[in-house]
Protein chains: 2
Amino acid sequence: MGPAALRTAPSWLINQVATHAGRLVHDGFAAHGARGYHYRLLAALHEHGPASQADLGRRCGIDRSDVVAALNELAARDLVRRTPDPDDRRRNVVTLTEPGRRELDRLTTTLDQIQDTLLAPLTPADRTELTRLLTALLDHHRQ
Amino acid sequence: MGPAALRTAPSWLINQVATHAGRLVHDGFAAHGARGYHYRLLAALHEHGPASQADLGRRCGIDRSDVVAALNELAARDLVRRTPDPDDRRRNVVTLTEPGRRELDRLTTTLDQIQDTLLAPLTPADRTELTRLLTALLDHHRQ
DNA sequence: CAGAAATCGTTGGCGCAACCCACGATCCCT
DNA sequence: AGGGATCGTGGGTTGCGCCAACGATTTCTG
């Protein structure tokens, strides 16, 4: 699959692997009625505590407008609570609920299993090496 | 950017790097009025010669219906020619035109430069290693 | 302190990639 | 002669990443 001129291009390889990984994550999350944005938001809330929507967006690298939609869906399932911020009436304070924390745990478990599936063909040393290389790329291309 | 729980997950790292790479490719191709599908189709035509649309789709891993749209755009710019197949009237024979070959050359040059930009922080040995690891993942996840 | 500038939540939109389904036309195999 | 597969095409959907604009509010600043 894919022209030979591309099969050796790292940008192509990365894209293909990312597509496969994305399918795994998508399917795994879909079984819980969730998607990537939901997990990111729940995880960010769990790690740094309640935050405004704009802050959440910055933490997760999600656009403010997309945060709105994802939070609507999370709030509809009571995984998250939106409260007006008394100190700044422009803001909402978003809080992780107890069901939200449990759902996050389930999604995290799913995600861990996916890592194993994804990295199945690699030795532990190779996995470390891959992480190192990807991290180096990411750090460099992040200013 | 991104919850800490994700920052070490390979699926996340791969996705982030793929997003950066995708932006580079997108911008580079956009300067030529092209996108990923266009390049893939042109490259496949150049490598294996004329083909039916369905064959092209299989070569490139692009859905038949998406091949139609992309070929419409390529044909409108005379980069590709669609001819009814005399041996099978269901099929079109898609051919790379001379302008198409030249455009492919330009896109290939652009893509090569992008690889350098993308892999800038890695030593030659690291680049080889990254390619090896990604290829291993890709091979494994194709049954 | 008043007015300008920035921020926040929200709505609505765009593009790309990857899919799916259904149709009529055509071909292939029994 | 039929049934089943294949082909091109048109119509959708989803996820993710963006951008523009708006009214409400807060902060900065002159």
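Residues numbered from 1 in each chain as written. Chains lettered and ligands numbered in written order. Predicted model: local features only at pLDDT ≥ 70, side-chain atom pairs only at ≥ 80, totals over all residues. Heavy atoms only, no water.

Per an unreviewed UniProt entry, chain A goes by DNA-binding transcriptional regulator, MarR family and derives from Micromonospora mirobrigensis.

You can overlay chain A on chain B at an RMSD of 0.1 Å; the transform is a turn of 180° with a shift of 0.0 Å along its axis. Interpreted geometrically, this transformation is the action of a two-fold axis. A share of 100% of the interface residues of chain A reappears at the interface of chain B, consistent with the copies meeting face to face through the same patch. (Least-squares fit on C-alpha atoms with pLDDT ≥ 70 in both. Contact = heavy atoms within 4.5 Å.)

The next thing to look at is the protein's contact with DNA strand D. Lining the immediate environment of DNA strand D, one finds 24 residues, of which Arg-40 and Ser-65 of chain A together with Arg-23, Gln-53 and Ala-54 of chain B sit closest. Backbone atoms, meaning sugar and phosphate, make up 68% of the atoms of DNA strand D lying within 4 Å of the protein. One of the side-chain N or O atoms of Arg-40 of chain A is found 2.3 Å from a phosphate oxygen in DNA strand D. Contact distances for DNA strand D include 2.6 Å between a phosphate oxygen and a backbone N or O atom of Ala-54 of chain B. Of all elements in the fold, only α3 (36-48) and α5 (64-76) of chain A together with α4 (53-60) and α5 (64-76) of chain B reach the threshold of two or more residues within the surface near DNA strand D. Classifying every residue of the surface near DNA strand D gives three nonpolar, seven polar and 14 charged. (Near = heavy atom within 4 Å. Polar contact = N/O pair within 3.5 Å; in protein donor to acceptor, adjacent residues only side chain to side chain. Helix = DSSP H or I, 4+ residues; strand = E, 2+ residues; numbered from the N terminus. Nonpolar A, V, L, I, M, F, W, Y, C, P; charged D, E, K, R; others polar.)

Residue and element names in this part refer to chain A. Taken as a whole, this structure holds two aromatic pairs over all chains when the rule is applied. On the numbers, 5.5 Å between centres and 35° between planes, the contact of Phe-29 with Tyr-39 is tilted. Here the residue Phe-29 occupies a position in helix α2 (residues 10-30), and Tyr-39 occupies one in helix α3, the gap between them amounting to 10 residues. Taken as a pair, Phe-29 and Tyr-39 share a single burial class, namely buried. (Phe/Tyr/Trp six-rings, centres within 6.5 Å; stacked < 30°, edge-to-face > 60°. Buried < 20%, exposed > 50% of the residue type's maximum accessible area, 1.4 Å probe, protein only.)

Under the feature "domain: HTH marR-type" (unreviewed entry), the UniProt entry names residues 1-139 of chain A. Secondary structure within residues 1-139 of chain A divides into 70% helix and 7% strand; the distance between the first and last C-alpha atoms comes to 30 Å. (UniProt positions renumbered as here; feature names shortened; annotations may be inferred.)

Judged by nonpolar contacts, the single largest core of 82 residues is most densely connected at Leu-41 and Leu-130 of chain A together with Leu-41 and Leu-130 of chain B. If sequence neighbours within four positions are ignored, Leu-41 of chain A has contacts with Leu-56, Cys-60, Ile-62, Val-67, Ala-70, Leu-71 and Leu-74 of chain A. (Core = buried A, V, L, I, M, F, W, Y, C linked by side-chain atoms within 4.5 Å.)

Near DNA strand C lie 24 residues; those nearest to it are Arg-23, Gln-53 and Ala-54 of chain A together with Arg-40 and Ser-65 of chain B. Counting only atoms of DNA strand C within 4 Å of the protein, the sugar-phosphate share comes to 66%. Note that a phosphate oxygen of DNA strand C is positioned 2.6 Å from one of the backbone N or O atoms of Ala-54 of chain A.

The parts lose accessible area when they come together, and the size of an interface is often stated as this lost area. Residue-level contacts link 49 residues of chain A with 49 residues of chain B. In total, chain A and chain B occlude about 4600 Å² of area from one another, counting both sides; carbon and sulfur atoms represent 76% of this. Where chain A meets chain B, there are two salt bridges. Between Arg-132 of chain B and Asp-126 of chain A there is a salt bridge, with its nearest N and O atoms 2.9 Å apart. Going through the elements one at a time, α1 (4-7), α2, α3, α4 (53-60), α6 (98-119) and α7 (124-140) of chain A are the ones with two or more residues in the side of chain A that touches chain B. For the side of chain A that touches chain B, the class distribution of residues is 30 nonpolar, 12 polar and seven charged. (Buried area = accessible area lost by both parts, 1.4 Å probe. Salt bridge = Lys/Arg side-chain N within 4 Å of Asp/Glu carboxyl O.)

Residue and element names in this part refer to chain B. Evaluation of the coordinates by the stated rule reveals 25 salt bridges over all chains. Taking the shortest distance from any N to any O, the salt bridge between Asp-105 and Arg-101 comes out at 2.9 Å. Pair noted here: Asp-105 and Arg-101 are both in helix α6 (residues 98-119), with a separation of four residues, about one helical turn. Judged by relative accessible area, Arg-101 falls into the partly exposed class, the value being 29%. A salt bridge links Arg-132 to Glu-129, with the shortest nitrogen-to-oxygen separation between them at 2.8 Å. Taken together, the residues Arg-132 and Glu-129, both in helix α7 (residues 124-140) and three residues apart, mark about one turn of the helix.

Turning to the side chain of Gln-53 of chain A, a few remarks are in order. Mapped onto the secondary structure, Gln-53 of chain A falls in helix α4. Separated by 2.9 Å, the side chains of Gln-53 of chain A and Arg-82 of chain A make a polar contact.

With that out of the way, let us pick up α5 of chain B. Residues and elements named next belong to chain B. Its 13 residues place the ends of α5 18 Å apart at the C-alpha level, agreeing with the 18 Å of an ideal helix rising 1.5 Å per residue. Taken as a whole, α5 has its buried residues at Val-67, Ala-70, Leu-71 and Leu-74. Down the axis of α5, the buried side of the element spans an arc of 105°, and every buried residue falls inside it. Buried residues in α5 make contact with α3 (36-48), α4, β1 (80-84) and β2 (92-96). Of the residues flanking the end of α5, it is Asp-78, one or two places downstream, whose phi is positive at about 60°. (Expected span 1.5 Å × (residues − 1). Arc of directions from axis to C-beta.)

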